[in-house]
Amino acid sequence: MKENEILTTIEKSFVKILEHNNFDLNKSTTAKDVDGWDSISHLLVITDIEKSFNIKFELMDLMTMENIGDLISTIKKEIAK
Amino acid sequence: MNFVNRLYNSFVLNSKSNAFCIDDTFYTYEELLNYIVRIRKIINRNIESNERIIGLVTNNDIETYAAIFSLWIEGKAYIPINPFTPKARNIDILKSTDVVSVLDSSKTPIRLASFNIIKTLSSYSSHDDAPFDAVPYRGNNIAYVLFTSGSTGAPKGVPICFKNLDTLIAELDIDEAYKLKPSDRCLQMYELTFDASLTALLPSLLVGACSYTVPSNAIKYFYIIKLLHRYELTVMKMVPSIINYLRPYFSEIKAPSVRYSIFGGEKLYEDVVQEWIKCVPNSKVLNHYGPTEFTVCSGYYAYKFNKKNRSHNGVLSIGKPFKNVDYIIVDEENRELKDNQEGELCLSGNQLTQGYWNNNKLNEQAFFLHKTASGITKKFYKTGDICFRDKDGYYLYVGRKDFQLKIGGYRVELGEIEYHIKSHSSAKFKNLVVMGVKSQNNTIELVLVIESSQFDIDDLFSFLKENLVDYMIPRRTVFIDSFPYTKNGKLDRKEIRKMIR
């Protein structure tokens, strides 16, 4: 799966959970850059992304995730499993 | 010896040990002392000696922590000002307490016109060796003022004096079940606007252990696990919602280093504790209870491994009061109730605040004099928590008597949120109600229910974000054409709950 396709799917989860599309997701985007992306919505987004890709993130990866770039590479790793 | 002197002695005695780990940088007690010396100089240069209550911008850095101890040594109080809280709310809080000066370690200091903003950044010098010369200790001086949600729309101030804190620390000292060591590595996950930060910090600093802090913009539950994994923490005080969030990942957490797992600030469910203890097999589990008005903590329940625990509706007991604290359960006329009878839990003892800041009306409602079984008349505080005492003297939490909720440990008065919604100009609806709805992972989600046909709520929510702290903003909005009412003409909250599911 290409990075662009992954990003589009991620974006859908964010829009669904945060109920707005007032953000621009790229590899360096962090929680600070997106309105409403906080501790509570983070877990909901993560769960939604897991469903979309039919994967299960590992805690070790989740706790070191700093930005969207990290999220994409973790998804790639999980898909390849 | 008072706790401010004890803290100082501990800092000197443990000067070569680490006091803090902030953003992966360690600070020794000696470095902490040097920051304190510098910040005391800044305070003395910039703040009048009769100015007793000082605002403190709560950044996650050594200057902010050092500023707390500097203010205490100077006999002054701090009011924590969270830079992420809406400006209007921060200004209200500072004005209501007549604060003039605000200490700020931010690179770009907070913009609060009409206040004296004093920068504390880069206040470190290793060559400063000014002697410790404390301002005479006065137990009745205020040590901090915290603001909690108020049902009338304005937050209410709770002043806590040095004597209150001394009493709390004395209670923790005599407790054999909870003893920290200099080698302990302790979690400090709380915002400084939350008084649980003090029971996370003070026991650690008093023995010369190291506190590991969590930045406020981090996804807290994952950051905590990162700290736990990287530094093998031994003492973790947390709000229960942290383990509620982490529950799906428990099978990946193995932390034999943890000696104490302490919870406080919210209902603690027994089932999640049963699973959590598998992650921390060598840990004691304590469930702390106590309102801000009673200086953080008034008692606790120690979880029993492999034995039957005391709980009510799945919520673990809040245990028994500290040795010098009185608990009573009263009815609506403040008459003491018997064992197993549900009523309002009231507290008395030297940890009790002198009363809400400039709020006589609320003080008359919240405090009362009562003759105890020993024949002594004491001042009691009405917590608003409905509880009962079982036959063995353990207290069990049942629910709230009012519309206060706990979100991530923070007290939220639904009335305060409703007040702000109603005051917004776009408020063209018949009625509204804000409700706390339990989500799948045992956490509470705020839902705004509006009696109206659907309309655009963007303006309303921008307004709320300017006036309310983020945890007070409803996560979901539901429109209902007409609200259901009970036979008595009261809003049927139970029915609304069903409708918004």
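Residues numbered from 1 in each chain as written. Chains lettered and ligands numbered in written order. Predicted model: local features only at pLDDT ≥ 70, side-chain atom pairs only at ≥ 80, totals over all residues.

Caption draft 1: Up close: the overall build of chain A. For chain A, the helix and strand inventory stands at four helices and zero strands. Taken over the C-alpha trace, chain A has a radius of gyration of 12 Å; the compact-globule value for 81 residues is 12 Å, and the two agree within 12%. Viewed in the frame of its principal axes, chain A has a C-alpha envelope of about 35 × 25 × 20 Å. For chain A, buried positions account for 17% of its 81 residues. Sequence-distant contacts, at least 24 apart, represent 55% of the contacts inside chain A between residues at least 6 apart. (Helix = DSSP H or I, 4+ residues; strand = E, 2+ residues; numbered from the N terminus. Rg over C-alpha atoms; globule rule 2.2 N^0.38 Å. Buried ≥ 20, exposed ≤ 12 C-beta atoms within 10 Å, placed from the backbone. Contact = placed C-beta atoms within 7 Å.)

Caption draft 2: The arrangement of the overall build of chain B in detail. Assigned secondary structure in chain B consists of 13 helices and 27 strands. Taking 23 Å as the expected radius of gyration for a compact globule of 501 residues, we find that chain B reaches 23 Å, a close match to that expectation. Here the C-alpha coordinates of chain B stretch approximately 75 × 55 × 55 Å along the principal axes. Counting the 501 residues in chain B, one finds 44% classified as buried. Once local pairs closer than 6 in sequence are excluded, the contacts in chain B between residues at least 24 apart make up 65%.

Caption draft 3: Here's a closer look at the environment of Ala143(B). All names here are of chain B. On the secondary structure map, Ala143 appears in strand β7 (residues 142-148). Overall, the presence of 24 C-beta atoms within 10 Å leaves Ala143 in the buried class. Sequence spacing of Ala143 and Gly75 is 68 residues, and the spatial spacing of their C-alpha atoms is 7.6 Å. Every residue in contact with Ala143, bar those within four places of it in the chain, is listed here: Trp72, Ala77, Ile160, Cys161, Phe162 and Leu165.

Caption draft 4: Representation of the packing of helix α1 (residues 3-13) of chain B against helix α6 (residues 196-207) of chain B in the model. All names here are of chain B. It is at 7 Å that the axes of α1 and α6 come closest, and there the two elements cross at 50 degrees. Classed by the angle they form, the pair α1 and α6 counts as oblique. Note on element contacts: α6 touches α1 through Leu205, Leu206 and Val207, opposite Arg6, Leu7 and Ser10. Here the residues of the contact of α1 with α6 sort into four nonpolar, one polar and one charged. (Axes fitted to C-alpha atoms, helices over the stretch in contact; angles between N-to-C directions. Parallel < 35°, antiparallel > 145°, perpendicular 65-115°, else oblique. Nonpolar A, V, L, I, M, F, W, Y, C, P; charged D, E, K, R; others polar.)

Caption draft 5: Structural detail: the interface of chain B and chain A. Across the boundary between the two partners, chain B contributes twelve residues, which contact eleven residues of chain A. Counting residues per element, the side of chain B that touches chain A draws most heavily on helix α7 (residues 220-231) of chain B, at five residues. Across the side of chain B that touches chain A, the residue classes break down as seven nonpolar, one polar and four charged.

Caption draft 6: Fine view of helix α2 (residues 39-53) of chain A. Taking 1.5 Å of rise per residue, the 15 residues of α2(A) would be expected to cover 21 Å, and the 22 Å separating its terminal C-alpha atoms lies within 8% of that figure. Immediately downstream of α2(A), the backbone of Asn54(A) shows phi near 55 degrees, a positive value. (Expected span 1.5 Å × (residues − 1).)

Caption draft 7: Just unusual backbone geometry, in detail. Even without glycine at this site, Glu232(B) takes up a positive phi of about 45 degrees. Relative to the helices and strands, Glu232(B) resides in the loop between α7 and β11 (235-238).

Caption draft 8: How the structure looks around the confidence of the model for chain A. Counting all residues, the mean pLDDT for chain A is 91, and 100% of those residues have values of 70 or more. The lowest-confidence element of chain A is helix α3 (residues 59-64) of chain A, averaging 90 in pLDDT; the highest-confidence one is helix α4 (residues 68-80) of chain A, averaging 94. (pLDDT = per-residue confidence, 0-100.)

Caption draft 9: Expanded view of the domain arrangement of chain B. Residues and elements named next belong to chain B. One can read the domain layout of chain B as domain 1 (3-316) and domain 2 (410-499). For domain 1 versus domain 2, the distance between C-alpha centres works out to 32 Å. The interface of domain 1 with domain 2 comprises 17 residues on the first partner and 16 residues on the second. If you tally residues by element for the side of domain 1 that touches domain 2, the top one is helix α8 (residues 240-246), at three residues. (Domains from an automatic or database assignment.)

Caption draft 10: Quick look at the packing of helix α1 (residues 3-18) of chain A against α2(A). Residues and elements named next belong to chain A. Where α1 contacts α2, the axes come no closer than 9 Å and their chain directions differ by 135 degrees. Judged on the interaxial angle alone, α2 and α1 are oblique. Pair α1 / α2 crosses with right-handed handedness. Of the residues in α2, those touching α1 at Thr9, Ile10, Ser13, Phe14, Lys16, Ile17 and Leu18 are Ser41, Leu44, Val45, Asp48, Ile49, Ser52 and Phe53. (Left-handed = near helix turned anticlockwise from the far one by under 90°.)

Caption draft 11: Examining the confidence of the model for chain B more closely. Predicted confidence across chain B gives a mean pLDDT of 93, with 97% of residues reaching 70 or more. Model confidence for the complex is summarised by a pTM of 0.90, with the ipTM given as 0.87.

Caption draft 12: Region of the structure containing the nonpolar core. Residue and element names in this part refer to chain B. Leu32 and Leu187 are the most contacted members of the largest nonpolar core, which totals 124 residues. Counting residues per element, this core draws most heavily on helix α3 (residues 62-73), which supplies nine residues. With residues near it in sequence (within four places) discarded, Leu32 still touches Phe11, Ala19, Phe20, Tyr27, Ile62 and Ala66. The next biggest cluster of nonpolar side chains, apart from the first, holds 16 residues, and it includes Leu405, Leu414, Ile417 and Leu464. (Core = buried A, V, L, I, M, F, W, Y, C linked by C-beta atoms within 7 Å.)

Caption draft 13: Geometry of the sheet that holds strand β27 (residues 476-480) of chain B. All names here are of chain B. The strand order β25-β26-β27 describes an open sheet built from three strands, whose pairing is mixed. Two strands lie at the open edges of the sheet, namely β25 (431-438) and β27, each paired on one side alone. Averaged over all pairs of adjacent strands, the angle between strand axes in this sheet comes to 25 degrees, irrespective of strand direction. The pairing of β25 with strand β26 (residues 444-451) spans eight bridges and is antiparallel. Along β26, the bridge assignment pairs Val434 with Leu448. (Pairing = 2+ DSSP bridges.)

Caption draft 14: Just the environment of Ser106(B), in detail. All names here are of chain B. Mapped onto the elements of the fold, Ser106 is located in the loop between β5 (101-104) and β6 (116-119). Residue Ser106 is classed as partly exposed on the basis of its C-beta count, with 16 C-beta atoms lying within 10 Å. Separated by 46 residues in the primary sequence, Ser106 and Asn60 have C-alpha atoms spaced 9.7 Å apart. Setting aside its immediate chain neighbours within four residues, Ser106 contacts Val57, Asn59 and Pro83.

Caption draft 15: Region of the structure containing the pairing of strand β12 (residues 260-263) of chain B. Residues and elements named next belong to chain B. Alternating residues of β12 divide into Tyr260 and Ile262 and Ser261 and Phe263, and every residue in both groups is buried. Looking at chain direction, β11 and β12 are connected through four bridges and run parallel. Paired with Met238 across the bridge in β12 is Phe263. Between β11 and its parallel partner β12, the chain crosses via α8, and the hand of that crossover is right-handed. Taken together, the four bridges between β12 and strand β13 (residues 284-289) define a ladder with parallel strand orientation. In the strand pairing of β13, Ser261 is matched with Val285. Traced from β12 through helix α9 (residues 270-279) to β13, the parallel crossover comes out right-handed. (Right-handed = clockwise from strand over helix to strand, strands pointing away.)

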